[in-house]
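# Structural overview
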Amino acid sequence: MAQVILKSVTKVFPGNIVAVDDITLDVKDKDFLVLVGPSGCGKSTTLRMIAGLEEITKGDIFIGNRLVNDVPPKDRDIAMVFQNYALYPHMTVYKNMAFGLKLRRYKKEEIDKRVRETAELLGISNLLERKPKALSGGQRQRVAVGRAIVRKPQVFLFDEPLSNLDAKLRIQMRTEISKLHIRLQATTIYVTHDQVEAMTMGTTIVVLKDGLVYQIDNPLSLYNKPKNRFVAGFIGSPPMNFMEGIIQKEDSVFYFNEGNIKVKIPAEIAPKVESYTGREIVFGIRPEDIYDPTVSQPVGEPCRIEAKVEIVEPMGSELYIYLTTGKSPFIARVDAQVQAEINTMKPFALNMKKCHFFDKQTEKAIV
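An account of the accompanying structure is given in this report. Starting from 1, residues in each chain are numbered consecutively following that chain's sequence as written. At least 70 in pLDDT is required for a residue's local features to be given in this predicted model, at least 80 for side-chain atom pairs to be given and counted, and no such filter applies to totals for whole chains, interfaces and linings, which use all residues. Heavy atoms from the whole structure form the basis of all side-chain values; hydrogens and water molecules are not counted.

Check the secondary structure of the chain and you find nine helices and 20 strands. Taken over the C-alpha atoms alone, the chain extends approximately 80 × 45 × 35 Å along its principal axes. In the chain, which comprises 367 residues, the share counted as buried stands at 50%. For this analysis, residues touch if any pair of their heavy atoms sits within 4.5 Å. Across the chain, contacts joining residues at least 24 apart in sequence account for 66% of those joining residues at least 6 apart. Using a 1.4 Å probe, accessible areas were evaluated by the Shrake-Rupley method; residue-level cover was limited to the displayed protein chains. For the chain, the exposed surface amounts to about 17,800 Å²; the carbon and sulfur share of it is 50%. By the counting rule applied here, Lys and Arg register as positive and Asp and Glu as negative, while His and the ends of each chain are not counted. By convention, the point assigned to a charge is CZ for Arg, NZ for Lys, CD for Glu and CG for Asp. The chain carries 51 positive and 44 negative side-chain charges, and their two centres are separated by 8 Å. Elements are defined by DSSP. Helices are runs of H or I of four residues or more, strands are runs of E of two residues or more, and each kind is numbered from the N terminus. Accessible area is worked out with a 1.4 Å probe on protein chains only. A residue is then buried under 20% of its type maximum, exposed over 50%, and partly exposed in between.

Below is the structure:
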């Protein structure tokens, strides 16, 4: 396996459309790095440049210790799994998996050994004589992964491989891909627009927007310490709640005043926002850090508010309650035993030790 390095890589399409803007990445050997972001953020373009399927406009790409800017895809020692699987419809599963090895003139015995070992690993040994049209979506996905594995490349590239599967199968397949990574210890770069997929699979996550890197971090740090408002709102399901208001100081105590609600900022957090006193700021809190005080209590001093219940979504073991202060909408993720009636005012408590603050102009986290 190998390290992958991107140094100031840029891709500009005709019409001066900047798809990827000066990206620098260091994908360590055996790492599982996920590129995540909304549609059009440049993640698939970045993957295609690593694969050699898209020419870079500026910068350098290294696989191992080799500069591959001008190396054709077939000589980069990578294997790619596409969104549509890209299986040959006229070939059996066996021939689909063996095709790349035949092109590289491997001996027949070695091809057979690799194909059958990989099929056993993926649980598709009974499908080797079928053609793709006789397979389900999940089976086709396994074959596409198997075709990549038999090659034993330095780097695996996945371009949204689960997006065509139903929700249940997607959960199952992302678990299987994670297990494969642990077993094979392969350097893997994975593209998805699904932040849940990114959080559950990646050891390192790169959040992209408009061709720019907004944050590179491990999943927990990304969730607990977002560097800007975009990352805070993109990572997490349901997403982080945001309210705009003013920082006020009264008798040495700091408050966030949204207009219709006013909450006390814990003393240990107050120094972060002291310089914003009298200025507008963005307050953020995750849905799971909003409580019904009659059922459970936040850690530390509770900060109570009242909000109007607009929608209640039962999710089995929990509820998503959509609320409004009259000025700001937000979501609470609470225990299923919480009672909430639509169009009524209800008290809630905020765990202010878990709150976040962002500069309104720059949208950067205040730390």
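Right, let's get into the nonpolar core. To form a nonpolar core, buried Ala, Val, Leu, Ile, Met, Phe, Trp, Tyr and Cys residues must be joined to one another through side-chain atoms within 4.5 Å. Membership of the largest hydrophobic core comes to 46 residues, with the highest contact counts inside it found for Met97, Val115, Tyr190 and Val207. When near neighbours in sequence (up to four residues on either side) are disregarded, Tyr190 contacts Phe32, Leu33, Val34, Leu35, Phe158, Pro161, Leu162, Ile177, Glu197 and Met201.

Here, a salt bridge means any Lys or Arg side-chain nitrogen found within 4 Å of an Asp or Glu carboxyl oxygen. Per the stated rule, a full pass over the model turns up 13 salt bridges. Note that Arg48 and Glu54 form a salt bridge whose closest N and O atoms lie 3.6 Å from each other. With its nearest N and O atoms 2.5 Å apart, the salt bridge here joins Glu250 to Lys262. Residue Glu250 is located in strand β11 (residues 241-250), and its partner Lys262 is located in strand β13 (residues 262-264); the two are separated by twelve residues in the primary sequence. A residue is classified by how much of its surface remains accessible, and Lys262, at 38% relative accessible area, is partly exposed. One salt-bridge network, in which partners are shared between bridges, spans Arg229, Glu244, Glu280 and Lys360.

A cluster of basic side chains, namely Lys95, Lys102, Lys108, Lys131 and Lys133, defines a positive patch on the protein surface. By the element assignment, Lys131 lies in the loop between α3 (108-122) and α4 (137-149). Patches here are clusters of residues that have more than 30% relative accessible area and form no salt bridge, with a 9 Å joining cutoff for like charges and a 5 Å cutoff for nonpolar side chains (Val, Leu, Ile, Met, Phe, Trp, Tyr).

Let's shift gears to helix α5 (residues 167-184). Owing to its 3.6 residues per turn, the α-helix aligns residues three or four sequence positions apart on the same side. Helix length check: α5 (18 residues) gives 26 Å between terminal C-alpha atoms against 26 Å at 1.5 Å per residue, within 8%. Looking only at α5, the buried set comprises Leu169, Met173, Arg174, Ile177, Ser178, Leu180 and His181. Elements that come into contact with the buried residues of α5 comprise β3 (32-36), α3, α4, β7 (155-159), β8 (187-192) and α6 (195-201). Its side-chain oxygen at 3.2 Å from the backbone nitrogen of Lys168, Asp166 defines the N-terminal cap of α5. A positive phi of about 55 degrees marks Gln185, the residue just after α5. To estimate how far a helix should reach, multiply one less than its number of residues by 1.5 Å. By the criterion applied in these results, polar contacts are pairs of N or O atoms within 3.5 Å in which, for protein atoms, one can donate a hydrogen and the other can accept it, and in which residues neighboring in sequence qualify only through two side-chain atoms.

What follows is about the packing of α3 against α4. To obtain an axis, a line is fitted to C-alpha atoms, over the contacting stretch when the element is a helix, and the angle between two such axes runs from 0 to 180 degrees between their N-to-C directions. Here α3 crosses α4 at 140 degrees, and the two axes come no closer than 10 Å. In terms of axis orientation, α3 runs oblique to α4. At the point where α3 passes α4, the crossing takes the right-handed sense. Residues Thr118, Leu121 and Leu122 of α3 form the contact with α4, whose own contacting residues are Arg142, Val145, Gly146 and Ile149. Roughly parallel means an angle under 35 degrees; roughly antiparallel means over 145; roughly perpendicular covers 65 to 115; every other angle is labelled oblique. If you view the pair so one helix is near and one far, a crossing is left-handed when the near helix is turned anticlockwise from the far one by less than a right angle, and right-handed when it is turned clockwise.

Right, let's talk about the sheet that holds β8 for a bit. For two strands to be treated as a pair, DSSP must find at least two bridges joining them. A sheet is described by the order of its strands in space; here six strands give the open sequence β6-β7-β8-β3-β9-β10, paired in mixed fashion. In this open sheet, the two edge strands, each paired with only one partner strand, are β6 (78-81) and β10 (212-217). Pairwise comparison of adjacent strand axes, ignoring direction, gives a mean angle of 15 degrees for this sheet. One ladder, built from four bridges, connects β3 with strand β9 (residues 204-209); its direction is parallel. Bridge assignment links Leu33 to a residue of β9, and that residue is Thr204.

Moving on, we get to the environment of Ser296. Along the polypeptide, Ser296 turns up in the loop between β15 (290-291) and β16 (303-314). Each C-alpha atom, one on Ser296 and one on Asp335, is 8.8 Å from the other, the two residues being 39 residues apart in sequence.

Along the chain, the position of Gln195 falls in helix α6. Residues in contact with Gln195, not counting those within four places in the same chain, are Val36, Phe234, Ile235, Gly236 and Ser237.

Turning to its location among the elements, Glu288 is positioned in the loop between β14 (280-285) and β15. Linking Glu288 and Ile216, residues 72 residues apart in sequence, is a C-alpha distance of 24 Å. Setting aside anything within four residues of it in sequence, one finds Glu288 in contact with Tyr223 and Arg333.

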